[in-house]
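# Working through the structure, step by step
Here are the chains, one letter per residue:
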Amino acid sequence: MQVVTKETIVKELKTIGLEKDDVIMVHTSLKSMGYVCGGAQAVIEALIEIVGENGTIMMPAQSWKNLDPEEGVHWDADESDWQLIREHWPAYDKRITPTNTMGAVAEMFRTWPGSIRSDHPARSVCAWGKYAAYLTENHDLSNIFGEGSPIAKLYELNGKVLLLGVGYDKNTSIHLADVRANYPGKHHFLEHSAVLENGVRVWKEYSTLFVDGEDFEEIGKDFEKENPVACGKIGNAVIRLMNQRDIVDYSVKWMEQNRKS
């Protein structure tokens, strides 16, 4: 069995181009790497060691269980109990609300010293470093991935995207292209989440762009045919590093050319 150490992670990430002072969005699967000595802690420490205090790290911290059962996120509950869930699901609290299926690294990063979490009750992000406050502030309920969102701010900062053991289906930045592209069937829909308003829990309704990411893997495959993507391996995991503007701009064109309905 190959043991992955923090030093291994640092070496391989530097090899594919992660540098001091980088601003980076990280999507990671700890399990995909195999045996990591120190687990999630080792991964986060490696990232911080590379980018340094003038760099910035951002990760998804989504708590999408805080959505209406009608969306299918509470598949283990009977439909007869949906109203009970709407009435009693805990209001979002960025200090304690756990992430949902974001992985062990993102869940630890949520509570990492200096990490700041955005206010969206279902689609939050966490960030650490120089631009953490800027990236996470004013994360509007209806504007999850659009202009002024954390993903758009990363674009403004000319950030990078690191896929560590995950595919393009996890590349949240492509949702910014969902917002910017014009394609048939683009539409908004209503979501609901439990939030606190003036100290009182409410089941809040808000409109947002419908996105699903079903074609993100295809977008990524085509993107790599035309754009430089630095690839490597950490343990058993394939790692990819790319410029965020490149993947977003390419995805806008791809969606406008290929999405037909």
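Scope of this entry: the structure provided in the associated data block. Small disclaimer: the values here were computed from a predicted structure and weren't measured.

### Comments concerning the pairing of strand β8 (residues 188–197)
Where β8 meets strand β9 (residues 200–209), 10 bridges bridge the pair, whose relative direction is antiparallel. Looking at β9, one finds that F189 is bridged to T208.

### Observations concerning the packing of helix α9 (residues 216–226) against helix α10 (residues 244–258)
At a minimum axis distance of 10 Å, the contact between α9 and α10 shows a crossing angle of 115°. By the angle class used here, α9 and α10 are roughly perpendicular. Relative to α10, the crossing made by α9 is right-handed. The segment α9 lies against α10, with F216, E218, I219, D222, F223 and E226 engaging D246, I247, Y250, S251, W254 and M255. For the contact of α9 with α10, a count of residues per class yields seven nonpolar, one polar and four charged.

### A short note on the sheet that holds strand β6 (residues 125–129)
In a beta sheet, neighbouring strands are held together by backbone hydrogen bonds and run either parallel or antiparallel to one another. Across the sheet, which stays open at both edges, the seven strands sit in the order β5-β6-β4-β2-β7-β11-β10 with mixed pairing between neighbours. The sheet terminates laterally at β5 (116–117) and β10 (230–234), the two strands that pair on one side only. Inspection of the sheet shows strand β2 (residues 23–28) paired to strand β4 (residues 56–60) by three bridges, in the parallel sense. Bridge pairing in β4 places M25 opposite M58. Against the sheet, helix α1 (residues 6–15) makes contact with β7 (160–164), β10 and β11 (237–243), and its axis sits at roughly 165° relative to β10, the strand it touches most.

### What about the packing of aromatic side chains?
Across all of its chains, the model carries three aromatic pairs by this definition. Here F189 and F210 contribute two aromatic rings whose centre-to-centre distance is 5.5 Å and whose plane-to-plane angle is 80°, an arrangement assigned as edge-to-face. Within this pair, whereas F189 is found in strand β8, its partner F210 is found in the loop between β9 and α9, the two being separated by 21 residues in sequence. With relative accessibility at 33%, the residue F210 sits in the partly exposed group. Between the aromatic rings of F223 and Y250, the centroid separation amounts to 5.5 Å while the plane-to-plane angle is 65°, which identifies the pairing as edge-to-face. Pair noted here: F223 is in helix α9 and Y250 is in helix α10, with a separation of 27 residues, a long-range link.

Conventions used here
- Residues numbered from 1 in each chain as written.
- Predicted model: local features only at pLDDT ≥ 70, side-chain atom pairs only at ≥ 80, totals over all residues.
- Heavy atoms only, no water.
- Pairing = 2+ DSSP bridges.
- Helix = DSSP H or I, 4+ residues; strand = E, 2+ residues; numbered from the N terminus.
- Axes fitted to C-alpha atoms, helices over the stretch in contact; angles between N-to-C directions.
- Parallel < 35°, antiparallel > 145°, perpendicular 65-115°, else oblique.
- Left-handed = near helix turned anticlockwise from the far one by under 90°.
- Contact = heavy atoms within 4.5 Å.
- Nonpolar A, V, L, I, M, F, W, Y, C, P; charged D, E, K, R; others polar.
- Phe/Tyr/Trp six-rings, centres within 6.5 Å; stacked < 30°, edge-to-face > 60°.
- Buried < 20%, exposed > 50% of the residue type's maximum accessible area, 1.4 Å probe, protein only.

In short, geometric facts, not functional conclusions.
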